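Chains, contacts and geometry: an overview
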Amino acid sequence: MQTEALRTLRRLCPTISVGMLTADLMNLERELSIIQDEGVKLLHIDVMDGCFCPVMTVGPPFIKGIRTSMMKDVHLMVDEPVGKVPEYVAAGADIVTVHAESTHHVHRAVQQLSNLKNANDPERGLVRGVALNPGTPLDALEPLLSEIDMVVLLAINPGWSGQKLTAWFCDRVVKAKRMLEEADRSEVLVTIDGGVTRDNIRMVSGLGADIIVTGSAVFDGKDVAENARFMLDAVRQG
Ligand code: DX5
Ligand code: ZN
């Protein structure tokens, strides 16, 4: 099912999705307008419930409150997302990613996403993502491939930004791409999340990722505009 949201996202790739939680949250409006002015089109929002991973972050009211024209890329790191997904969609998510490890019923969560309307525009549809933690076999994706639009590979264990991406992860991305090809589902987008820095973004992008999530490398307390430009250029030229 090719929704308008998915078509728009495909046109933007390769691109970055900027992790909002590492921004200066007291000045969020300013931070978001800086990255938007640099051409960032995807805003990555990490939702953590303190159960699926130790940290707790934001929920639907916060997501709803963010006024932006960037697509809201909502990464749900919450236990049992089935039943909770509609609240996030109602809050304005354009892209919703659930973790395969977070529920007995990941297929049901994906089905749920297929049946929901985008709250920003009912005609636009949603983008359905499934994420895997670094320790989860790629095979967990196999039964879902015909019904998802995006695979999100976490390069680090969820919970904290600023962690280090390790060498074995590159091999995992290559294997995931091969798996998609063999299943005749190469159009499924591949996102890499966590541990991407100025120093490794070209290498990571060279693995064939469509979307690269970057948090601390953009909002590192220095020049946010320059950081965003650097990371965007790196994926476009990669
Ligand atoms: C990990 C999150 C990531 C991460 C990104 O739990 O899903 O989005 O915080 O931040 P950086 O780019 O700093 O690793
Ligand atoms: Zn994330």
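Please refer to the structure placed before this passage.
Residues numbered from 1 in each chain as written. Chains lettered and ligands numbered in written order. Predicted model: local features only at pLDDT ≥ 70, side-chain atom pairs only at ≥ 80, totals over all residues. Heavy atoms only, no water.

At 2.1 to 2.3 Å from the zinc ion (ligand 2) lie its protein donor atoms, namely His44 (NE2), Asp46 (OD), His75 (ND1) and Asp193 (OD). Read from N- to C-terminus, the donor residues coordinating the zinc ion (ligand 2) fall into the pattern H-x1-D-x28-H-x117-D. The exposure class assigned to His44 is buried, which follows from its relative accessible area of 2%. (Donors = N, O, S within 2.8 Å, 3.2 Å for Na, K, Ca; no water. Buried < 20%, exposed > 50% of the residue type's maximum accessible area, 1.4 Å probe, protein only.)

Turning our eyes to something else, we now look at the site of ligand 1. Residues in contact with ligand 1 amount to 18 residues; listed here are only the nearest, Asp46, Gly159, Asp193, Gly215 and Ser216. In the environment of ligand 1, an oxygen atom lies 3.3 Å from a nitrogen or oxygen atom belonging to the side chain of His75. Between ligand 1 and Ser216, the relevant distance is 2.5 Å, taken from an oxygen atom to a side-chain nitrogen or oxygen of the residue. One can see that ligand 1 is located within the largest pocket. Elements represented by at least two residues in the shell around ligand 1 include exactly strand S2 (42–48), strand S3 (71–77) and strand S8 (211–214). In terms of residues, the shell around ligand 1 owes the most to one element, S2, which gives three residues. Considered class by class, the residues forming the shell around ligand 1 number six nonpolar, ten polar and two charged. (Near = heavy atom within 4 Å. Polar contact = N/O pair within 3.5 Å; in protein donor to acceptor, adjacent residues only side chain to side chain. 1 Å grid on protein atoms, 1.4 Å probe; cavity = no way out; pocket = protein on both sides within 12 Å on 5 of 7 lines; lining within 4 Å. Sits in = over half its atoms within 2 Å of the grid points. Helix = DSSP H or I, 4+ residues; strand = E, 2+ residues; numbered from the N terminus. Nonpolar A, V, L, I, M, F, W, Y, C, P; charged D, E, K, R; others polar.)

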